[in-house]
Every structure is written in C-alpha cells, then in structure tokens.
Amino acid sequence: MLKLLIVLSAAALFAASIAQPNPAGTWLGTLEIQTIKLRVVFHIAKDGDGYKTTMDSPDQGVTGIAVEQTSFADRKLKLAAPVLTFEFEGTLSEDGQMISGEFRQAGMTFPLELKRTDKVDEPKRPQNPVPPFPYKAEDVEFENKLEGHKLAGTLTTPEGEGPFPAVVLVSGSGPQDRDEFLLGHRPFLIIADHLSRRGIAVLRYDDRGVAKSGGVFANTTSEGFTNDAVAAVDFLMGRDEIDKKKIGIAGHSEGGIIAPIAATRSPNVAFIILLAGTGVPGHDILRLQQRLIAGSAGASQELIDMQTALWDRVIAHMKTAGKDATADQIRGVVNTFCDEDEAREVLRAEWLAGVDSLLTPWLQSFLFHDPRLALRKVTVPVLALNGSLDLQVDAKQNLPEIEKALREGGNKDVTVKEFAGLNHLFQTAETGSPGEYGLIEETFAPAVLKAISDWILARFAR
C-alpha cells in the first residue's frame, strides 16, 4: 500500500509539472499611443532550457523581428530587444492565458496586456483589386542603357484597341517594389488599377536592386533613379499599344523630385504628376518634417526647438564644408551644441548614432538639391497634389513653391491642389502621423484617384 501511495504521489507531481503554465505560444496585444492603436504579436517557443521570441507588428506590415533576450521564472516574463530599444515585463496569469505588464521604448512606458491567440488577422485593405480585371496585366523587363542594368515591372493596358495614353509610376525614397508596398498597403497597384480601368496604361516597376530588378540600390542618388524613369519612358515608346505623344510620369514623394528632372531630359515626357512632391531643398523639408512629426508624437515645444536649432547648426556646417565634411566634424558640432546646455543632453546619443547617415550619397544629394531649378525648366502640363495632413512633405511649404517655380519658367498648364484631411500616402487620416499609415484601412483616397485620371483624360484622351 505504501509503495502504491509513493507511485501515485510521483505521478501527481509529474502531472502538476506538465500543467504548470508557461509562455510558449502566440500572444497578441495592443499598444495605445495617444490616438494610435498598434497591435503587437510575440511568438514564444521553447529553446533548450529557456525560450526564444520573435515579434510581429501586423499593422505596420513587419514580421519576424528578433527579440534578443527572453527570460521566464516564477510566472514573470521579460523580453528585450536592445537594437530596437524596447523591453517588456509582464506576469503570466495562473491559467496561462494572459500576460499583463508594461512595454517600454525610447523612455516611454505603456501598459500592455497580451492574450493567447491561434490566429492574427491581417490588416484590412479593402481597395486591393480582385480579379477578374477589365485590362491586361503583363510582366515586362526593360533596360537602363546608360548604366547597364535591367528593370522589371508590370504594364497594365486597357481593354480595346489602342494606342492609349500612359503613365510611368516612380516611387518615393527607400527601396520600393513595383506596388510601392508599405505597411500592407500597395498604393501603386491601386493607382494602376484605377487608371487602367479608365483607359490609361500604366507601367510600374521594382526599384533597381529590389525584387526582380537588377542594378544596385545602395548609394544611388536621385540622378540614377531619374535614369531609370527615363528608361521606362523609352520602353513605352517602343510599344505599339501606347500613344507615343501621351506618355507621362507620376512620381510620389522623391518620385516628385525625379519626374521634373526626367521631363527636362527626355522629349518623350508629355506630362508629369507630382504626388507629395517637393518644392524646396531637402534640408528644409526635413527641418519642418522633424518639427511636425515630433509635435504629433507629443514632444514638448522646448525639445522641438532644440532639435531644430541643432539641425540648423549641422546643416550650416555641411554647407560650409561641402564635400570635405566628415563624420568626426559633425560629431564635434553635435557635442559642442549639447555641451552648451544641460537640457540639450537628451539629443546627444540619438544624433551621434545618426551622423553617418547624413553623409550617405543619397542623403547628401537630397539635402542640398533644389527642385525649383528643374521645375523652372518644365514646359509640359503639370499636376501637383498634396494632403493637408502630410507631415513629411508639408503642403503649405511645398505647393506654393512648386507653382511659383513652374510659372516663373513660363509653364502655362499648371494645376495645384491641396486635399483636406489626407496624409503623405494620400489616405484619409486623423493626425497625419506616420504611425497611422498601417492602421488606416484606406490605401489611397478615391477623390485623388479621380482627380488624377480626370486631369489626364482632359488633356490626353484618345
């Protein structure tokens, strides 16, 4: 009898150890940052005697982020990703179904409650087109003969007999695919679908070095990207279904810098469309961008003003030093500025970590490029659009300068419009903060799509 009791006790202890709650599994929670709600997902798995974790941000279209540190003891879970400067500490409930704790990042702390889940819904993107399509979509390849690499893209052509007017879509900064995919959104796919349904052919392509395109993206400036855009126009000139006198370029953000340059270099560009394009030098764009985004994030006016003052000092040094500017020199400017006032210490680490990026070829080119020089030379019809809540390329800073430069050059066909309540991606927004981009279901405001197609067809209908 005694032996039986001992066996039963051992069995009970073993069962209890198996049933002990542990954090292995998929956990879903929502961070509330001011007016923004952002879902986070942690995938926790056993790893020997411990655990390993990856993180997803489904509303931002990011998956598989490595969480370098995971520890669990006495129902206390600790996660840390030093590279992303975040930590999470929470307590696993007795039933093992919930972890309640705090998420800390960049000096801010947010309550975060995680719940076990079997499925995480993808962000809703109701505008994504669904087949069958009333147009032809063809994968194509064309060559940038100046630089010797090939670019891959998709050409959509309307139903019926051509030739059709056509638009080349040019993406914004950073490596982009042909759909300009960002945070689950595919704005170029939406634009191409709309225009092709209205009788306008569209060519969109992967940036050099991205997806199926050849070439090297790193260290390429707007100059090289302009060569790619002109190569796309040249490719359309060789297509029988395209009207060779009605080919234009629509550029978003940095693409709005590229389009005017391309129009001054290629006689085959019949019109350009600037979607959140710039009208002042890049250092002025980023100066105001920093202020607007910091303000939307709740930063104090004192901190915003300090950031701007340091920006102005660094840019002044870079202008004076020109190509001789070095990272050590800029670090010296930052350190001198921060040494002047104890309150400025909050800026030091962040700025010193980002100094090298200021000297990359692309950013140096962007900072000191004045788009008005090219705009004054553009003689073809121009449509310039922006949203009133664009915090990256402010409408009131840029649209007047775009229009002024075009008219100074004698351009007689200039249409400029600011859309109320739209952000940098032309989504209907609340604040315009980049943190909203992935949370908004709308990819591209229908009113802007209509404005683009109406403007093209009014001038270049078949």
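Residue numbers restart at each chain and count upward from 1, following the sequence in its written direction. Local features in this predicted model are restricted to residues whose pLDDT is 70 or higher, and side-chain atom pairs enter the listing and the counts only when it is 80 or higher, whereas totals over whole chains, interfaces and linings include all residues. Values reported for side chains reflect all heavy atoms of the structure, with hydrogen atoms and water molecules removed beforehand.

A. Molecular detail of helix H8 (residues 345-358). The end-to-end C-alpha distance of H8 is 20 Å, a good match for the 20 Å that 14 residues give at a rise of 1.5 Å each. Where H8 bends most, at Leu352, the angle is about 40 degrees. Burial status follows relative accessibility: with a 1.4 Å probe on protein chains alone, a residue under 20% of its type maximum counts as buried, one over 50% as exposed, and anything between as partly exposed. Only DSSP runs of H or I covering at least 4 residues are called helices, and only runs of E covering at least 2 are called strands; the numbering of each starts at the N terminus. Inspection of H8 places Leu347, Arg348, Trp351, Val355 and Leu358 among the buried residues, and these make up the whole buried set. We call two residues in contact whenever any of their non-hydrogen atoms come within 4.5 Å of each other. Lining the buried residues of H8 we find helix H6 (301-321), helix H7 (327-339) and helix H9 (361-368). Expected helix span is given by 1.5 Å per residue-to-residue step, counting one fewer step than there are residues. Given a residue, its bend is the angle between the two axes fitted to the seven residues that end at it and to the seven that start from it.

B. Local environment of the packing of aromatic side chains. Any two of the Phe, Tyr and Trp rings considered here, Trp counted by its six-membered ring, make a pair once their centres fall within 6.5 Å; the pair's planes then place it as stacked at under 30 degrees, edge-to-face at over 60, or tilted in between. By the definition in use, this model includes 13 aromatic pairs. Summarising the aromatic geometry, the rings of Phe86 and Phe103 are spaced 5.1 Å apart at their centres and angled 20 degrees between planes, so their arrangement reads as stacked. Note that Phe86 is positioned in strand S7 (residues 86-92) and Phe103 in strand S8 (residues 98-105), a separation of 17 residues in sequence. The class of Phe103 is buried, set by a relative accessible area of 3%. Every member of this aromatic cluster is reached through a ring pair, and the members are Phe42, Phe86, Phe88 and Phe103. Only Lys NZ and Arg CZ are tested; either one counts as a charge over a ring when it is within 6 Å of the ring centre and within 35 degrees of the ring normal. Across from the ring centre of Tyr51, 4.6 Å away, lies the NZ or CZ of Lys46, which sits over that ring. Seen from the ring of Phe337, Arg344 lies directly overhead, with NZ or CZ sitting 3.9 Å from the centre.

C. Representation of the nonpolar core. The criterion is simple. A nonpolar core is a set of buried Ala, Val, Leu, Ile, Met, Phe, Trp, Tyr and Cys residues joined through side-chain atoms within 4.5 Å. Core analysis: the largest hydrophobic core is formed by 40 residues, its most contacted members being Phe142, Val168, Leu203, Leu236, Ile249, Ile272 and Leu274. Take this core: its biggest share by element is eight residues, from helix H3 (residues 222-237). Excluding its chain neighbours within four sequence positions, the residues that come into contact with Ile249 are Val167, Val168, Val170, Ala229, Val233, Ala259, Ala262, Val269, Phe271, Ile272 and Ile273.

D. Broad picture of the sheet that holds strand S14 (residues 242-252). Between any two strands, at least two bridges found by DSSP are needed for them to pair. The strand order across the open sheet built from eight strands is S10-S11-S13-S12-S14-S15-S16-S17, with neighbouring strands paired in mixed fashion. Edge strands, defined here as strands with exactly one partner in the open sheet, are strand S10 (135-144) and strand S17 (414-419). Recorded for the sheet is a direction-independent mean angle of 20 degrees between the axes of neighbouring strands. Bridge analysis of strand S12 (residues 164-170) against S14 gives six bridges, and the strand direction is parallel. Note on S14: the bridge partner recorded for Val170 is Gly251. For helices, the axis comes from a line fit to the C-alpha atoms of the stretch in contact; other axes are also lines fit to C-alpha atoms, and the angle between any two N-to-C directions lies between 0 and 180 degrees. Across the sheet, helix H2 (residues 187-197) is in contact with S10, strand S11 (149-158), S12, strand S13 (201-205), S14 and strand S15 (271-275); its angle to S13 comes to roughly 165 degrees. Here helix H11 (residues 395-408) sits on the sheet in contact with S15, strand S16 (382-387) and S17, set at roughly 175 degrees to S17.

E. How the structure looks around the pattern of salt bridges. The salt bridge criterion pairs a side-chain nitrogen of Lys or Arg with a carboxyl oxygen of Asp or Glu, the two atoms within 4 Å. All told, the structure shown has 31 salt bridges when counted by the stated rule. A salt bridge links Asp312 to Arg287, with the shortest nitrogen-to-oxygen separation between them at 2.7 Å. Of this pair, Asp312 sits in helix H6 while Arg287 sits in helix H5 (residues 282-296), and the two are 25 residues apart along the sequence. The partly exposed category is assigned to Asp312, whose relative accessible area is 31%. Across the pair Lys450 and Asp454 runs a salt bridge, and its minimum N-O distance is 2.6 Å. Of the two residues, Lys450 and Asp454 are both situated in helix H12 (residues 446-460); the distance of four residues between them amounts to about one turn of the helix.

F. A look at the side chain of Asp206. Within the fold, Asp206 resides in the loop between S13 and H3. Discounting chain neighbours no more than four positions away, the residues touching Asp206 are Leu151, Ala152, Gln176, Asp177, Arg178, Ala211, Lys212 and Ser213.

G. Examining unusual backbone geometry more closely. Here the bond from Pro131 into Pro132 is cis, since omega is 5 degrees, no more than 30 degrees from zero. Assignment of secondary structure puts Pro132 in the loop between strand S9 (108-116) and S10. A cis amide bond links Gly162 to the next residue, Pro163, at an omega of 0 degrees. Positionally, Pro163 belongs in the loop between S11 and S12.

Honestly, it's all geometry; don't read function into it.
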